[in-house]
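Okay, here's what each chain looks like letter by letter:
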Amino acid sequence: MLNYKQLHYFWAVAKAGSIVRASERLNLTPQTLSGQIGLLEETLGVALFLRVGRRLELTETGRLALSHADEIFQIGNELEEALRSRPESHAIPLRVGVDDAVPKTIAYKLLTPAMALAEPVRIVCREDKLVRLLVELAIQRLDLVLADRPMPAGTNVKGYSHKLGDCGITFFAEPRLAAQFRQKWPRILDAAPLLIPGKEAAVRIPLMRWFDVRQLRPRIVGEFDDSALMQAFGQAGIGIFIAPSVIADEVQREHGVTIIGQTDEVTEQFYAISMERRLTHPAVVAINDTAHRELFANLYPRSDPIHSTK
């Protein structure tokens with residue numbers, strides 16, 4: 001079994017840059033430190049340091065060991081702090097990765113129920129590409145990943161995709177831009193300037209297929225991986241843009257834009273990806289339950305045939 005005291009001595013020397021400086025900080029003799037690191041290298045069967053003149057340099061294996069040691073001792077500090085804290089002041093950590101294709105308002109609505117639990121929750125959010133977030137999930141740096149698709153087939157990560165819900169999409173335009181078009185829906189989109197999600201967004205392919213089926217040829221003026229940036233361009237009147245229908249009211253209110261049409265033939269789906277087949281983390285359970293019970297429940301398409309396609 002790994003001797004963590006020896007690992008700590010190695011970590012201290014690597015951080016200090018020399019055995020002498022580390023020995024002063026640890027109040028140990030250089031001989032003691034050198035001997036303990038030698039025992040660690042003997043146990044592991046690898047060299048962690050190379051002596052270059054009077055200096056010590058980490059080997060490739062040493063750099064790998066240092067990276068893991070950083071995490072180990074950080075977790076140790078967090079554990080010590082958690083155990084010393086009063087139970088009533090301790091918050092449940094929830095480390096969430098948000099795929100950058102997921103609209104910020106959707107992410108906010110999905111995560112809000114976790115903050116309403118009786119026991120306090122501290123959320124740590126990271127936004128990135130799905131593939132990188134799944135790596136973080138695999139090494140347990142994340143508890144949950146919010147994405148617009150299930151875990152891709154062939155991913156070398158053992159995880160489970162929990163569908164939170166789906167909805168149609170709504171098209172928006174800045175009011176002055178919307179006033180320029182007089183055709184009925186959905187012909188209004190033909191030759192109109194359009195902002196679309198980037199190629200990695202799950203909605204991109206069904207959206208383009210819907211245009212083909214409807215024989216619509218919008219003029220694509222921008223592609224965006226970040227939905228918030230796409231909405232900012234749309235708010236400025238650069239082009240028509242889309243958002244999930246479940247947040248249509250919020251998009252109108254926040255960006256001062258007009259709804260020009262809606263379709264349920266193209267849907268956006270949202271998933272919670274976790275390492276758990278059966279959800280047990282209380283905050284994740286709250287997110288899942290509220291999504292099904294409230295956010296994506298009772299979604300009805302618009303009845304006005306001018307503004308809706310089914």
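**Some words on the side chain of threonine 170**
- Note on placement: threonine 170 falls in strand β6 (residues 160–173).
- Classification of threonine 170 by relative accessible area gives buried; the value is 0%.
- Engagement of the side chain of threonine 170 in a polar contact is seen with the side chain of serine 245, the distance being 2.8 Å.
- Discounting chain neighbours no more than four positions away, the residues touching threonine 170 are Phe241, Ile242, Ala243, Ser245, Ala248, Ile259, Gly261 and Gln262.

**Remarks on the confidence of the model for the protein**
- Mean pLDDT over the protein works out to 87, with 94% of the residues at or above the 70 mark.
- At the level of individual helices and strands, the protein shows its lowest average pLDDT in strand β11 (residues 308–309), which scores 60, and its highest in strand β9 (residues 241–244), which scores 96.
- Taken as a whole, residues 300–306 scores under 50 in pLDDT and shows ten contacts with residues more than four places along the chain or in a different chain.

**Re unusual backbone geometry**
- A cis amide bond links tryptophan 185 with the next residue in sequence, proline 186, at an omega value of 5°.
- As for its placement among the helices and strands, proline 186 is situated in the loop between α7 (175–178) and β7 (193–197).
- With a phi close to 55°, glutamine 215 is a non-glycine residue in the positive phi region.
- Considering the arrangement of structural elements, one finds glutamine 215 in the loop between α8 (204–213) and β8 (219–224).
- Classification of glutamine 215 as exposed rests on a relative accessible area of 60%.

**Some words on the packing of helix α2 (residues 19–26) against helix α3 (residues 30–44)**
- For the pair α2 and α3, the least separation of the axes is 9 Å and the interaxial angle reads 110°. Relative to α3, the element α2 is oriented roughly perpendicular. On α3, the residues touching Ile19, Ala22, Ser23 and Leu26 of α2 are Pro30, Leu33 and Ser34.
- Broken down by class, the residue content of the contact of α2 with α3 amounts to five nonpolar, two polar and no charged.

Parameters at a glance
Every chain begins its residue count from 1, and numbering advances along the sequence as written. Under the rules for a predicted model, residues below a pLDDT of 70 receive no local features and side-chain atom pairs below 80 are neither given nor counted, while totals for whole chains, interfaces and linings still include all residues. Calculation of side-chain values draws on the structure's entire complement of heavy atoms; hydrogens and water are dropped beforehand. Helical segments are the DSSP runs of H or I of at least four residues, strand segments are the runs of E of at least two, and each set is numbered from the N terminus. The buried label goes to any residue with under 20% of its type's maximum accessible area, the exposed label to any with over 50%, and the partly exposed label to all in between, with areas taken from a 1.4 Å probe on protein chains only. Throughout this description, a polar contact denotes any pair of N or O atoms lying within 3.5 Å of each other; where both atoms belong to protein, one of them has to be capable of donating a hydrogen while the other can accept it, and for residues adjacent in sequence the pair is counted only when both atoms sit in side chains. Should any heavy atoms of two residues lie within 4.5 Å, those residues are counted as being in contact. Per residue, pLDDT measures the predictor's confidence, with a range of 0 to 100. Axes, fitted as lines to C-alpha atoms, cover a helix only where it is in contact. Angles between the N-to-C directions of the axes lie from 0 to 180 degrees. When an angle is under 35 degrees it counts as roughly parallel; over 145 it counts as roughly antiparallel; between 65 and 115 it counts as roughly perpendicular; any other value is oblique. Under the scheme applied here, ten amino acids are nonpolar (Ala, Val, Leu, Ile, Met, Phe, Trp, Tyr, Cys and Pro), four are charged (Asp, Glu, Lys and Arg), and all others, including Gly, are polar.

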